[in-house]
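Read off the chains here:
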Amino acid sequence: MKKTILKLFTLITILLICYFFSINNKEDFSEIYEDYKLTTSGAGEAMDAWAFERSYPNKSLSAKEYLKTYRAEKKTALTSVRDGDDCWESLGPENIGGRILCLAFHPTDPNVIYAGSASAGLWRTTSMGKGRYAWEHVPVGFPILGIGAILIDPEDPNVMYLGTGEVYHSFGVTEPGTINRFTRGTYGLGILKTEDGGLTWTQSLSFDAPDLVGVSDMEMSRQNPNEVYAATTLGTYQTLDGGQNWNLIHPVGPAIDIEIDPTNDNILYVSQGNLNTGLDPSLSGLFKSTNKGGDFFEMLDDGLLAAWSGNAKLSLLPGDPNTIYASIQVGWFNNGPTTPAGLFRSTDAGVNWALVNNTNVPFWQGWYSHDIAIHPTDTDEMMYVGIAAWKSENGGSFIRQVSGSNNWQFGKISVEEPEGDSLFIHADIHAVYYHPLDSDKVFFAGDGGVHLSEDRGETFTTLNGGLQTTQFYPDFSTSAQDPNHAIGGTQDNATYIYDGTPSWSRVIGGDGMSTAINTDNDNIVYGSAQGLFLARSDTRGDSFFLISPPTATNELTAFTAPYELAPSNQDIVYAGRQFLYKSTDRGDTWTTTSTNFVDGGNMIIDLAISHSNESLIYAATAPNPFGDISSAKLLRSEDGGEIWIEVSHALPNRIIKDIALDPLNDQVVYVVFSGFNSAHFAKSLDGGANWQLVDELPNVPTNSLFVDPLNGDHIYVGNDLGVYFSNDAGLSWELFSHGLPDATLAMNLSYSEANRKIRLASHGRGVYERNLVFNPETSISDVTLESIEVTLYPNPASNELNIEFDSDQNSKGKIEISNTMGQLVQVRSIDVKEGRNSIQMDVTQILNGPYFATISLEKVEKSIPFIKS
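What you see is a predicted model, and the numbers here were worked out from it, not measured in a lab.

A. Spotlight on the overall build of the protein chain. A tally of regular secondary structure across the protein chain gives five helices and 66 strands. Of the contacts made within the protein chain by residues no fewer than 6 positions apart, 56% connect residues no fewer than 24 positions apart. Approximately 30,400 Å² of the protein chain is accessible, and the part contributed by carbon and sulfur atoms is 48%.

Put into structure tokens, the structure is as follows:
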């Protein structure tokens, strides 16, 4: 079944690419991409990639080692000697909400609302989400990324429970040994509890399971607040003593939704099922207990489906708990205009059921995002959400679409204004709520943060002020000349351009992926969406046009497929599917570099190119998760990608997430690895012929790697817990996360050359920057004399380097150019005159890379870094 799905997706992709190239290639990419976006489940691909990279080559991904490593790192966090007063500072975006899974409302204060994010933990507002700074992060003392459920005691709101982990299970996969690899989701650590309003938290329930476990719903008895139920991927849990002890009372998973009869807390309802590709009846169902979970029986009726491929959400009719609604939905492989699934209703407490409406509200996201909410007093009114929001005023028999995800705004997203028109709610809505203290207000949690309707679902606005939960992907890029010109791609939230202000600009569309900015001309900007849908702007990002490389018949492309600009020639672009594609005209035309796939059935997932030789390329490859699982590899080509040599025989069998070459010596290669229980960093001094493995980094997936171009011994890595630094070329490491939230998932590290900063694009907490450890003006030991004002230009310099300075007397002097290792590469004696001096240095013969220009006068010396390009 999975192979069939993959082939179908590949066919659709090929047809779409053909369509894209048949239209005007200069058409706005954001409009083109919306057509593609409406045919696939990008969330499914994203989570497949996330979980596969971290579990490979094993069959499961456990949060146990993640928590163990986090606790060990917390004990040593204060030993870092690099922090001082320096710390990471946020660049935003402060109002582009990443995926929010759930909300919870304070029982007496209508302005206090909690939000559970997919990869940024817990958030709180005291202004009902209104205002530029409405939301604040609530630290919990655990490395919590995903929160699927929040429960507040209505009698004592200081008591709260958090159900952690966002997990979606796939069942019915026939390929041997691959089933657990399709456990999509993020880390969860069971259930946390606070009794002081969120000041301190304890772990109430932990799971000792071989795979990720998530909590999708929790409910509390109205008669006994110590009686709590949790729907988890392992089944349904119960505590009768306020979370001190938990019991698995219904080991049928994944449990999705729980409802308790408000008039009789003996009666429970639970739904089961997710991604049941084989439509196995034992893997999906609706269950009922009449004795507090002592026993459950499945509600079977001819009016219900025998099985479904997505999941099911439940809701009891206010005032009549015998009337139950069930939204039963399908996976992305069954997403026609009408489906066997839809909205079902029982009026006799689950004995008999009838299909009320078969409109396919969630489309391809029926396994992922849909929900129903019934007005607390006008019970004919309900909100029904999936891709968009729908509304019914007659109990669900007729529904009308009231929101549109395509109504979002492109261009500048002001922090002072909503990010779309009055019909906009971001696509993929996970949860909907009528405010319990003001039922005219309807709140929505989804992949674009939090939205609000103040007129019962007719018009909408965004509530993302301060909700910095944006999930960035690699690669984030900054102009070499202007630190206030940067671009990065995000999960389901398009691509964003930073201009130095709090208000970022949205471009392109879809899931934003890798980006690049031409180092010679920062008007030339690249962005992309999943599957290597590549676009270029020649106007600094004001408009984009499609330049995607072609796709061969049956060729596979990684979700986050890479492309790179050659550092020594910014007109050359390489892009990887299974072939490596090359363009010599900035993506206008493409050719394959060889007649065969680079690595057989494996896909290219990362590329690195020599800083001085455009033909020296390294490519990391990974298996197709749905096919035969072969080894991940690192390959090297010295002829522009025609012939490849494997250089990974001595490396661990893990997915290589990033490759970096020393700017001054392309035989020095560094790689970092995802996964657990192996080395996460390796170094080669001979182009990959031999490797030195370093096992000093935390035992968590490592995602990104940056080598300081002005000091090759200084290396930075980003992993699933934060950022680490080495001052000895990777032999030893120390924490470099001062100023970051706990457990920041560091997806990408990049260089802001113009202000000598390192930038972090995180998957869940936006973008940060920090000073690099090495400061050239203060790190050269012999620069201790009086200072002089020196102007050096252009920087980078290609042929001629101009050096200007003022002198108060005639004298003799010299200018020395040296590399970052202190080796002298050029020297020139100069006659200095009183007043303004202007010296031209010919740097044509110097190899590309970072250097220092040192001006030495009588008792005066100054060194300035520059780049030869």
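B. Here's a closer look at the sheet that holds strand 65 (residues 849–857). Here we have four strands laid out as an open sheet, ordered 63-62-65-66, and antiparallel in their pairing. The open sheet has two free edges, formed respectively by strand 63 (824–832) and strand 66 (860–868), since each of these has just one partner strand. Neighbour to neighbour, the strand axes of the sheet diverge by 20° on average, direction disregarded. Two elements, strand 62 (residues 811–819) and strand 63, share eight bridges in a ladder whose sense is antiparallel. Bridging across to strand 63, Ile 817 finds its partner in Gln 826.

C. Examining the pattern of salt bridges more closely. Within this structure, the stated rule accounts for 36 salt bridges. Taking the shortest distance from any N to any O, the salt bridge between Arg 540 and Asp 522 comes out at 3.0 Å. Separated by 18 residues along the polypeptide, Arg 540 in the loop between strand 39 (533–537) and strand 40 (545–546) and Asp 522 in the loop between strand 37 (516–517) and strand 38 (525–529) bring together distant segments of the chain.

D. How the structure looks around the environment of Gly 448. Locating Gly 448 in the fold gives a position in the loop between strand 30 (438–446) and strand 31 (449–453). Between the C-alpha atoms of Gly 448 and Ile 100, which are 348 residues apart in sequence, the distance is 7.3 Å. With sequence-adjacent residues up to four places away left out, Gly 448 is seen in contact with Gly 97, Gly 98, His 426, Asn 464 and Asn 493.

E. Structural context of the pairing of strand 6 (residues 147–152). Counting buried positions along strand 6 gives six out of six residues, so the element sits mostly inside the fold. Sheet topology note: the strand 6/strand 7 (residues 160–164) ladder contains five bridges and is antiparallel. Its bridge partner lying in strand 7, Leu 151 is registered against Tyr 161.

F. Local environment of the pairing of strand 38. Across the five residues of strand 38, five count as buried, placing the element largely inside the fold. Across the two faces of strand 38 the burial is the same, with Val 525, Gly 527 and Ala 529 and Tyr 526 and Ser 528 all buried. Two elements, strand 37 and strand 38, share two bridges in a ladder whose sense is antiparallel. Paired with Ile 517 across the two strands is Val 525, which belongs to strand 38. Sheet topology note: the strand 38/strand 39 ladder contains five bridges and is antiparallel. When the bridges of strand 39 are listed, Gly 527 appears paired with Ala 535. Taking the residues between adjacent antiparallel strands as the criterion, strand 38 and strand 39 are bridged by three residues, where Gly 531 takes a positive phi near 75°.

G. Highlighting the side chain of Ser 583. Within the fold, Ser 583 resides in strand 43 (residues 580–583). A relative accessible area of 0% means that Ser 583 is categorised as buried. Leaving out residues up to four positions away in the same chain, Ser 583 has contacts with Asp 571, Ile 572, Val 573, Asp 588, Thr 589 and Trp 590.

H. Up close: the packing of aromatic side chains. Considering all chains together, one arrives at 30 aromatic pairs under this definition. The interplanar angle of 5° and the centroid separation of 3.8 Å between the aromatic rings of Tyr 66 and Tyr 187 together place this pair among those described as stacked. Remark: Tyr 187 occurs in the loop between strand 9 (184–186) and strand 10 (191–194) and Tyr 66 occurs in helix 4 (residues 64–76); sequence separation between them is 121 residues. We classify Tyr 66 as buried; its relative accessible area is 0%. Ring geometry for Phe 706 and Tyr 751: centres 5.5 Å apart, planes at 40°, overall tilted. Placement of Phe 706 in strand 53 (residues 702–707) and of Tyr 751 in strand 57 (residues 746–752) is noted, with a sequence separation of 45 residues between them. Among the aromatic residues, those joined into a ring-pair cluster are Trp 88, Phe 706, Tyr 716, Phe 725, Phe 736 and Tyr 751. One residue, Arg 770, lies across the ring of Phe 736, its end atom 3.7 Å from the ring centre.

I. Region of interest: unusual backbone geometry. Here the residue pair Gly 92 and Pro 93 is connected by a cis peptide bond, since its omega of -5° sits within 30 degrees of zero. Mapped onto the elements of the fold, Pro 93 is located in the loop between strand 1 (89–92) and strand 2 (100–105). With an omega dihedral of 5°, the bond running from Pro 474 to Asp 475 counts as a cis peptide bond. One non-glycine residue, Asp 428, adopts positive backbone phi at about 70°.

J. Summary view of the nonpolar core. In terms of nonpolar packing, the biggest core is built from 39 residues, with Leu 634, Ile 659 and Val 671 touching the most fellow members. Contributions of two or more residues to this core are made by strand 41 (563–566), strand 42 (569–576), strand 45 (603–609), strand 46 (617–622), strand 49 (656–662) and strand 50 (665–673). Not counting residues up to four positions away in its chain, the partners in contact with Leu 634 are Tyr 618, Ala 619, Ala 620, Ile 645, Glu 646, Val 647, Ser 648, Leu 651, Ile 656, Ile 659, Val 671 and Trp 691.

K. Fine view of the side chain of Glu 804. When you line up the elements, Glu 804 lands in strand 61 (residues 800–807). You can call Glu 804 buried: its relative accessible area is 18%. Polar contacts involving the side chain of Glu 804 include one to the side chain of Arg 836, which spans 3.2 Å. Excluding anything up to four places from it in sequence, Glu 804 contacts Glu 789, Val 790, Thr 791, Tyr 793, Arg 836, Asn 837 and Ser 838.

L. Structural view of the confidence of the model for the protein chain. Of the residues in the protein chain, 90% have a pLDDT of 70 or more, and the chain-wide mean is 88. Counted against residues more than four places away or in other chains, residues 1–30, with its pLDDT under 50, gives 56 contacts. Note on residues 172–181: pLDDT is under 50 here. Beyond four places in sequence and across chains, it has 24 contacts.

M. Structural view of the sheet that holds strand 11 (residues 202–205). Ordered in space as 6-7-10-11, the four strands form an open sheet in which the pairing is antiparallel. Every other strand in the sheet has two partners, leaving strand 6 and strand 11 as the edge strands with one partner each. Going across the sheet, the axis of each strand differs from the next one's by a mean of 30°, ignoring polarity.

N. Representation of the environment of Glu 65 in the model. Inspection of the secondary structure puts Glu 65 in helix 4. For the pair Glu 65 and Phe 676, spaced 611 residues apart in sequence, the C-alpha to C-alpha distance is 7.8 Å. What Glu 65 contacts, discounting residues up to four positions off in sequence, is Phe 676, Asn 677 and Asn 699.

Here is what the cut-offs are and how they apply
- Residues numbered from 1 in each chain as written.
- Predicted model: local features only at pLDDT ≥ 70, side-chain atom pairs only at ≥ 80, totals over all residues.
- Heavy atoms only, no water.
- Helix = DSSP H or I, 4+ residues; strand = E, 2+ residues; numbered from the N terminus.
- Contact = heavy atoms within 4.5 Å.
- Areas by Shrake-Rupley, 256 points an atom, 1.4 Å probe, with all protein chains shown as cover.
- Pairing = 2+ DSSP bridges.
- Axes fitted to C-alpha atoms, helices over the stretch in contact; angles between N-to-C directions.
- Salt bridge = Lys/Arg side-chain N within 4 Å of Asp/Glu carboxyl O.
- Buried < 20%, exposed > 50% of the residue type's maximum accessible area, 1.4 Å probe, protein only.
- Phe/Tyr/Trp six-rings, centres within 6.5 Å; stacked < 30°, edge-to-face > 60°.
- Lys NZ or Arg CZ within 6 Å of the ring centre and 35° of its normal.
- Core = buried A, V, L, I, M, F, W, Y, C linked by side-chain atoms within 4.5 Å.
- Polar contact = N/O pair within 3.5 Å; in protein donor to acceptor, adjacent residues only side chain to side chain.
- pLDDT = per-residue confidence, 0-100.

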